[in-house]
Amino acid sequence: LAVLVRAVARRRGGALPFAAGFIALFATVLNDVLRNNMLIQTDYLVPLGLFVFIFSQAFLLSARFSKSIAAVESLTVELEMKNIKLLGLDRMKDDLLAAVSHELKTPLNGIIGLTESMRERRGGGGNDEEHAVLDMINASGRRLAVMVNDLLDYSRLKHRDAPLDLKPVDLRVVADLVIGLTRPLAGMKS
């Protein structure tokens, strides 16, 4: 009873209907106890009190259930809005990636072309260290160009506008190529 009184005083959710049902059940049980001891002359009322108590519990359950459904619907709408926002951000990311990749392509090709030109101009001249540095710059530029081209290909694939060249493939040639590329990696390993 003390807990119930405190819950009603603090206006806890559902405390009032529960208290009403409990008071009805308690009053009818008290009535029946007094009638059984022949202190009062009334009918047995416990079935009515039990009905009121069960009805108050059903009311509480339905109220909580409707609040839960409202919360789920609210969260669903919020989730859909966030998904739409994320899709927009994903598109923006892809567009930025494609734009940056296109912008990187020109200077990379310039770096590759300049290193090849410097190497050709020097021909046999220059020292080995300079040639090694130019070769390293050229190789790094080519690797970066391959990465940029891969990013552009990814963007094309994502937007479904990548040109595909469908033709038969000779698996023996592909297998020989893979074996040839992995043989030096295996080296003398068992």
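Here the structure is a predicted model, which is why all the values come from computation and not from measurement. (Residues numbered from 1 in each chain as written. Predicted model: local features only at pLDDT ≥ 70, side-chain atom pairs only at ≥ 80, totals over all residues. Heavy atoms only, no water.)

A. Structural context of the environment of alanine 20. Residue position: alanine 20 is located in helix 2 (residues 15–36). With a relative accessible area of 46%, alanine 20 lands in the partly exposed category. It is 68 Å that separates the C-alpha atoms of alanine 20 and leucine 151, two residues lying 131 residues apart in sequence. (Helix = DSSP H or I, 4+ residues; strand = E, 2+ residues; numbered from the N terminus. Buried < 20%, exposed > 50% of the residue type's maximum accessible area, 1.4 Å probe, protein only.)

B. How the structure looks around the nonpolar core. Membership of the largest hydrophobic core is limited to 5 residues, which are Leu108, Ile112, Ala145, Val148 and Leu152. Counting only elements with at least two residues in this core, the list comes to helix 3 (46–122) and helix 4 (128–158). In terms of residue count, helix 4 provides more of this core than any other element does, 3 residues in total. (Core = buried A, V, L, I, M, F, W, Y, C linked by side-chain atoms within 4.5 Å.)

C. A look at helix 5 (residues 171–186). The terminal C-alpha atoms of helix 5 lie 22 Å apart, and with 16 residues this matches the ideal 22 Å at 1.5 Å per residue to within 8%. Within two residues after helix 5, glycine 187 carries a phi angle of roughly 55 degrees, on the positive side. (Expected span 1.5 Å × (residues − 1).)

D. Looking closely at unusual backbone geometry. Phi at arginine 11 takes a positive value of approximately 55 degrees, unusual for a residue other than glycine. With respect to the helices and strands, the residue arginine 11 is situated in the loop between helix 1 (2–9) and helix 2. With a phi close to 60 degrees, methionine 38 is a non-glycine residue in the positive phi region. Locating methionine 38 in the fold gives a position in the loop between helix 2 and helix 3.

E. Region of interest: the packing of aromatic side chains. Taken as a whole, this structure holds 3 aromatic pairs when the rule is applied. Between phenylalanine 18 and phenylalanine 53, the aromatic rings sit 5.9 Å apart at their centres with planes inclined by 65 degrees, giving edge-to-face as the arrangement. One end of the pair, phenylalanine 18, is in helix 2; the other, phenylalanine 53, is in helix 3, with 35 residues separating them in the sequence. Relative to phenylalanine 26, the ring of phenylalanine 22 lies with its centre 6.3 Å away and its plane at 15 degrees, an arrangement referred to as stacked. Taken together, the residues phenylalanine 22 and phenylalanine 26, both in helix 2 and 4 residues apart, mark about one turn of the helix. Owing to a relative accessible area of 27%, phenylalanine 22 belongs among the partly exposed residues under this scheme. Taking the relative accessible area as the measure of exposure, phenylalanine 26 reaches 47% and is therefore partly exposed. Between the NZ or CZ atom of arginine 35 and the centre of the ring of tyrosine 44, over which it lies, the distance is 4.4 Å. (Phe/Tyr/Trp six-rings, centres within 6.5 Å; stacked < 30°, edge-to-face > 60°. Lys NZ or Arg CZ within 6 Å of the ring centre and 35° of its normal.)

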